[in-house]
Amino acid sequence: MKVRTDEFKARSAETTRNPRRQASLKMVYDGLHKGRIAAAEDTHGWDDERDRARAIKWHTINNLDYYLDLLDKNVRANGGNVFFANDDAEAREYVLGVAKANNVKTVIKSKSMVSEEIGLNEAFEKAGINPVETDLGEYIIQLAKEAPYHLIAPAIHKTREEISDLIQEVAGGPHQEDPKDLTDTARALLRDAFRKAEMGVSGVNFAVAETGSIAIVTNEGNGRMVTSAPRVHVAIVGMEKVIPSMQDLSTMLRVLIRSATGQRISSYVTVVNGPRKAPEEDGPDEFHLVIVNNGRENLLKDEQLREAMLCLRCGACLNACPVYRKAGGHAYGWVYPGPIGAIVSPVMTGKKAGRDLPFASTLCGACKDACPVKIELPSLLLRLRSDLSEGKTDPKEASSPLAERLSIKVWRFGVQSPAMFSLAGKLSSLLMAPMSRQGWVRWLPPPLNGWTKSREFPRIASKPFRARFKKKEQR
Amino acid sequence: MADKQDFLRMVRTSLGVSERRDIARDDATSYFLSRDEVSDAANDIRVDAAQRRSELTEEFVTRATAAGWNIHRVDTIEDAAEEVAAVVRDHGAKAVMRSDHEILNSLPLESALKADGVELSVAVRDPSDDSEEDLERRLALREQSFDTEVGITGVDFAVAETGTVAMEPRAGSSRLVSLTPEVHIGVMTPDSIIPSLDELFALTRDQHLSGEHKGMVNLITGPSRTADIEANLVIGVHGPREVHLVIVG
């Protein structure tokens, strides 16, 4: 997918001015966020389960080479194929190769964020192959030619009117407003693809190293279709999604599904152990697992940022985030929005372009509280801010202008002694006086006007608290 | 094209470890349990579940009902067949397909359905058919499953914690039989009920490690659903809209 992480300011501003999008974003909070909280409260030992999930993931990530090797061996032992793709181009080329070898004309896809990363649909289209997204939300945004807005609710920003227009453009039927009718129309449209597709492409929620299995979590049933109906199944997985044992799945599914949708379990969890085994007559003849790096090594390399590799892609941090719920999913400019996107997108695709993303947070910590594996999202965001401001990883990436860096130096000098601090306070109060109305500063002259463009702050008191406190003490 | 060894080398370099190494045991994961521990645990699970059968059955029925299953409890295989026939009748369905699951082979389904003029097809080839397995036949079977109105399958495990049933594939078509029709009926006995997902995956892991390799395990909990349009819950997308479980015994 084209990286547009450098457009955060413009695209988030656009969303905050769009009342329809703001209404959609409220549903993220009322539906998904509250659902997660209810599910957590309803679960005995919820916090311990999160700790277990975190420990399983940390163990795996710290021994990732071992478990990827084991996964590869066991998928092959089950009769499947494994391909290691270092970047998006390698992954695309391999999947297209499989499609061509099988003379594929139609591909049915269930949700895969990695396939969005590598721009798989465009590659299929260029090769004359028809890719059909079959998750209802993904289908809607494929018709709209847009990127997913949310990790698990990709079309949450679309109103029913917009969805009707998109679906009826294909179906040729009358305008529909009832979600049930729209779903029925989409079901009918997609049936044909399910019947005839020669190849299915899916994502992977967990890849189990010891048994060479993959687990796919869905509610609609499209994940089962994709892995059962066509002759060929290709599963695409980010290299961080491996877990050691099938027995670890129970904990991982519990925390993932509750955090994603608030359900105890999804309608379907499909555990695929390679191609069909005779005398089975449905299920794929060929199974391929594509394990993708595509910039994840940049996270792995850094002992602190490595923690982002624990992510299960449940979307809970998006729902919890006050910034995501205003800025919307497209503002983040790549596949992964919200707090986790603000960390992984710049690191995977280039910090310089994505330099605004780690700053798109209030550091309130709601994301960390929501995270099923307790990722220290605020710390990681702060760390990236520091790297970027000071150009630590690359001087060319330094995002703060010279003036800002100089004024921070002055600030540091000013707060180092009580006398200096007191003097600076008095000076600021005096300087602010002509610019404040009723105790509030609403406008500052250039070059400080950035501060007051979208916020105001109280004027610094003419008599500081310390002076007033002293006076009170004397009384 | 990335070579596997190059890829693993990249991972090791990123982790700051240089060579292939033995990894330290970590009890966060069940991976380090010995083969014996895994199989002993599996036996304990079976014994424990048998002892707690009625309690687990009640819990399963509660959870399964909450998840959207229609539960039918019957005492005999004849009654089970009648319950299945009643659901088929309710829908006026004529195209009915069943998988080749053992529990269904013991049910007098054909006769129960015949009264309504329903031809029940079994999604498996005739044992007398000794022609080569071919793609054409399989594609025809796939077509047929998409034209089926009611699909009937057995159940291999039932999970009380979540109201989930787990199904492993059988000969012929079994995956699509529970997926493509608008109505799915699962037939099960209470001895397939286990407490939670922990026990489910302990058992399937043991199975796999003892060489009993299944192409997949499908966990099904209620009907197909979506909330992709303005977060409205809609039942019945690509999978069945209506799901039934007939519990025999």
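Residues numbered from 1 in each chain as written. Chains lettered and ligands numbered in written order. Predicted model: local features only at pLDDT ≥ 70, side-chain atom pairs only at ≥ 80, totals over all residues. Heavy atoms only, no water.

Asks: Outline the overall build of chain B, listing residues and values.
Replies: Check the secondary structure of chain B and you find 8 helices and 12 strands. With the C-alpha coordinates of chain B rotated into their principal frame, the extents come out at 70 × 50 × 50 Å. When the 249 residues of chain B are sorted by exposure, 55% land in the buried category. Taking the contacts inside chain B whose residues are at least 6 apart along the sequence as the reference set, 76% of them involve residues at least 24 apart. (Helix = DSSP H or I, 4+ residues; strand = E, 2+ residues; numbered from the N terminus. Buried < 20%, exposed > 50% of the residue type's maximum accessible area, 1.4 Å probe, protein only. Contact = heavy atoms within 4.5 Å.)

Asks: Go over the interface of chain A and chain B, please, and point to the residues and values.
Replies: Between chain A and chain B, the residue contacts involve 104 residues of the former and 85 residues of the latter. In this assembly, chain A packs against chain B so that about 8,200 Å² is buried in total across both faces, 54% of it on carbon and sulfur atoms. With a closest N to O distance of 2.6 Å, Asp147 of chain B and Arg195 of chain A form a salt bridge. Taken together, the connections running from chain A to chain B amount to 60 residue pairs in polar contact (both at pLDDT 80 or more). (Buried area = accessible area lost by both parts, 1.4 Å probe. Salt bridge = Lys/Arg side-chain N within 4 Å of Asp/Glu carboxyl O. Polar contact = N/O pair within 3.5 Å; in protein donor to acceptor, adjacent residues only side chain to side chain.)

Asks: Tell me about the packing of aromatic side chains, residues and numbers included.
Replies: Pairs of aromatic rings are described using the distance from one ring centre to the other and the angle between the two planes. Summed over all chains, the structure comprises 10 aromatic pairs over all chains. Considering the side-chain rings of Phe84 of chain A and Phe7 of chain B, the 4.8 Å spacing of their centres and the 45 degrees angle between planes classify their relative orientation as tilted. Here the residue Phe84 of chain A occupies a position in strand β1 (residues 81-85), and Phe7 of chain B occupies one in helix α1 (residues 4-15), the pair thus bridging two chains. Judged by its relative accessible area of 2%, Phe84 of chain A falls in the buried class. Judged by its relative accessible area of 2%, Phe7 of chain B is buried. Each residue in the set Tyr66 and Tyr67 of chain A together with Tyr31 and Phe32 of chain B is aromatic and connected to the rest through ring pairs, giving one cluster. (Phe/Tyr/Trp six-rings, centres within 6.5 Å; stacked < 30°, edge-to-face > 60°.)

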